[in-house]
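Observations on the model geometry
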Amino acid sequence: MGSVPSSFKAAYVTPLLKKPDLDSADPKSYRPIANLSVQSKLLERLVARQLLNYLNAAKLLPERQSAYRAYHSTATAVTKVLADILLALDKGDIAVLTLLDLSAAFDTVDHAILLRRLEVSYSLGGAMLSWFGSYLDGRTQFIRCGRLSSDPTASICCVAQGSVLGPILFLLYTADVLPLIERYNLHPHGYADDT
């Protein structure tokens, strides 16, 4: 009940060039996309639906966070940021746009901290928290490029980019950043791993 089969936790990573004009010889030019089994993605979709229903009903998702949720797209993020700038200018305030883009953000999620946040900030416990612990623990990945593959390695601190739950868990992991910025009378807006 509170565990994920280990066969669902193995991913092969396909390096995709971020933009066609980037240097293909530079590893930084690539975005690692984790490819998981169809069964794993189906299970993740079911869990994601239940998790988002709970978070939305309890109003636990940050209001100013777009991406990976219904009615919170790139367009709504840009519209909100533009509206905040125009409102500030209309009031005679100074408007400054500062952008924060975390490099390899999904690769920096500490599993122990994420599980603690799920428990304390989002009141997940029992079988649900055990399930997420199992989901995060024992994950492996290997690089596959054409016919070549690397040896599998453990994924000890990340949420898989390319998974269904990874982006949602990242939002929950970083949700306190926006209220922290708001304490300084600023108007932040988050979109995926950008603020």
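In short, a report on the structure. (Residues numbered from 1 in each chain as written. Predicted model: local features only at pLDDT ≥ 70, side-chain atom pairs only at ≥ 80, totals over all residues. Heavy atoms only, no water.)

A word on the packing of aromatic side chains
For clarity, the cut-off: Note on ring pairs: Phe, Tyr and Trp rings are taken, using the six-membered ring of Trp, and paired if centres are within 6.5 Å. Classes follow the plane angle, with under 30 degrees stacked, over 60 edge-to-face and the rest tilted. Secondary structure is summarised from DSSP: a helix means a run of H or I of at least four residues, a strand means a run of E of at least two, and numbering begins at the N terminus for each. Only protein chains enter the area calculation, which uses a 1.4 Å probe; residues under 20% of their type maximum are buried, those over 50% are exposed, and those in between are partly exposed. In this scheme, Lys NZ or Arg CZ marks a charge over a ring once it lies within 6 Å of the ring centre and within 35 degrees of the ring normal.
Counted according to the given criterion, the structure contains 3 aromatic pairs. Centroid distance Tyr 12 to Phe 142: 6.2 Å. Interplanar angle 35°. Geometry classified as tilted. With Tyr 12 in strand 1 (residues 10-17) and Phe 142 in strand 4 (residues 140-145), this pair connects stretches of sequence that are 130 residues apart. We classify Tyr 12 as partly exposed; its relative accessible area is 27%. When the centroid spacing of 5.4 Å and the interplanar angle of 15° are considered together, the rings of Trp 131 and Tyr 135 count as stacked. One end of the pair is Trp 131 and the other is Tyr 135, both in helix 4 (residues 126-136) and 4 residues apart, which spans about a single turn. Pairwise contacts between aromatic rings join Trp 131, Phe 132 and Tyr 135 into one cluster. Residue placement shows Arg 139 over the ring face of Tyr 135; its charged tip is 4.4 Å from the ring centre. Over the ring of Tyr 12 we find Arg 144, and its NZ or CZ is 3.6 Å from the ring centre.

Here's the deal with a nonpolar patch on the surface
Stated formally: Every patch collects residues that have over 30% relative accessible area and no salt bridge, joining them within 9 Å if they carry like charges and within 5 Å if they are nonpolar side chains (Val, Leu, Ile, Met, Phe, Trp, Tyr). Using a 1.4 Å probe, the Shrake-Rupley method yields the accessible areas, and only the shown protein chains count as cover for residues. Think of a salt bridge as a Lys or Arg side-chain nitrogen and an Asp or Glu carboxyl oxygen that are within 4 Å of each other.
Together, Leu 82, Leu 86 and Leu 89 make up an exposed nonpolar region whose accessible area comes to about 280 Å². Position of Leu 82 relative to the elements: it lies in helix 2 (residues 74-90).

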